[in-house]
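Results of the structural survey
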Amino acid sequence: MKISKIISVIAIIQSVSLILLSILKTIKTQMDLNNPLFPKEFIYDLLFQDIIKVIILLCILLFQIVFFRNKLYIWSIFLLLLSIIIYNLGYFFQ
């Protein structure tokens, strides 16, 4: 039980780092708006998808914290896997 609790805490920390990396990626996409090579609609679509990913990752983090408080450590670890999959998703339309 103690090992799963430690792994669950590490999973929550990893999810927070994924959220921060996703926010930085969104900021980088916003900075690419100044590049005249890409159409603005394309960059707006990418920016919208990055913002949606951040919101989804924040919701997953919320569920991880709820599961951690209810001592359901395994579910918190599984949600880390889900957040990694969502973070590594490509863009839907390019």
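Residues numbered from 1 in each chain as written. Predicted model: local features only at pLDDT ≥ 70, side-chain atom pairs only at ≥ 80, totals over all residues. Heavy atoms only, no water.

Details of the overall build of the protein chain
For the protein chain, the count of helices and strands is three helices and zero strands. Ordering the α and β elements of the protein chain from the N terminus gives α-α-α. The C-alpha atoms of the protein chain give a radius of gyration of 16 Å, which is well past the 12 Å a tight globule of 94 residues would have. Looking at the protein chain as a whole, 31% of its 94 residues qualify as buried. Counting only contacts in the protein chain whose residues sit at least 6 apart along the sequence, the fraction spanning at least 24 positions is 76%. Charge centroids of the protein chain, computed over 8 positive and 4 negative side chains, lie 23 Å from each other. (Helix = DSSP H or I, 4+ residues; strand = E, 2+ residues; numbered from the N terminus. Rg over C-alpha atoms; globule rule 2.2 N^0.38 Å. Buried < 20%, exposed > 50% of the residue type's maximum accessible area, 1.4 Å probe, protein only. Contact = heavy atoms within 4.5 Å. Lys, Arg positive; Asp, Glu negative; His and termini not counted. Charge placed at Lys NZ, Arg CZ, Asp CG, Glu CD.)

Describing the packing of helix H1 (residues 2-31) against helix H2 (residues 40-69)
One can describe the packing of H1 onto H2 by two numbers: an axis separation of 9 Å at closest approach and a directional angle of 165°. By the angle class used here, H1 and H2 are roughly antiparallel. Every pair of crossing elements has a handedness; the one defined by H1 and H2 is left-handed. Residue composition of the contact of H1 with H2, by class: 16 nonpolar, seven polar and four charged. (Axes fitted to C-alpha atoms, helices over the stretch in contact; angles between N-to-C directions. Parallel < 35°, antiparallel > 145°, perpendicular 65-115°, else oblique. Left-handed = near helix turned anticlockwise from the far one by under 90°. Nonpolar A, V, L, I, M, F, W, Y, C, P; charged D, E, K, R; others polar.)

As for the environment of Val54
Residue placement: Val54 occurs in helix H2. On the basis of relative accessible area, Val54 is assigned to the buried category, the value being 12%. Between the C-alpha atom of Val54 and that of Lys2, which follows or precedes it by 52 residues, the distance is 30 Å. Leave out the neighbours within four places in its chain, and Val54 touches Ser22, Ile23 and Thr26.

Some thoughts on H2
For an α-helix, the turn length of 3.6 residues means that residues three or four places apart are oriented alike. Across its 30 residues, H2 extends 44 Å between first and last C-alpha, which sits within 8% of the 44 Å expected from 1.5 Å per residue. By the burial criterion, the buried members of H2 are Ile43, Leu46, Leu47, Gln49, Asp50, Lys53, Val54, Leu57, Ile60, Leu61 and Gln64. Here the buried face of H2 lies against H1 and helix H3 (73-87). Looking one or two places after H2, you find Lys71, whose phi comes out positive at around 60°. (Expected span 1.5 Å × (residues − 1).)

Thoughts on the nonpolar core
If you look at the biggest cluster of nonpolar residues, it comprises seven residues: Ile12, Ile19, Leu57, Ile60, Leu61, Leu79 and Ile86. Elements with a minimum of two residues in this core: H1, H2 and H3. Here this core takes three residues from H2, the largest share from any one element. Not counting chain neighbours up to four residues away, the residues in contact with Ile12 comprise Leu61, Gln64, Phe68 and Ser76. (Core = buried A, V, L, I, M, F, W, Y, C linked by side-chain atoms within 4.5 Å.)

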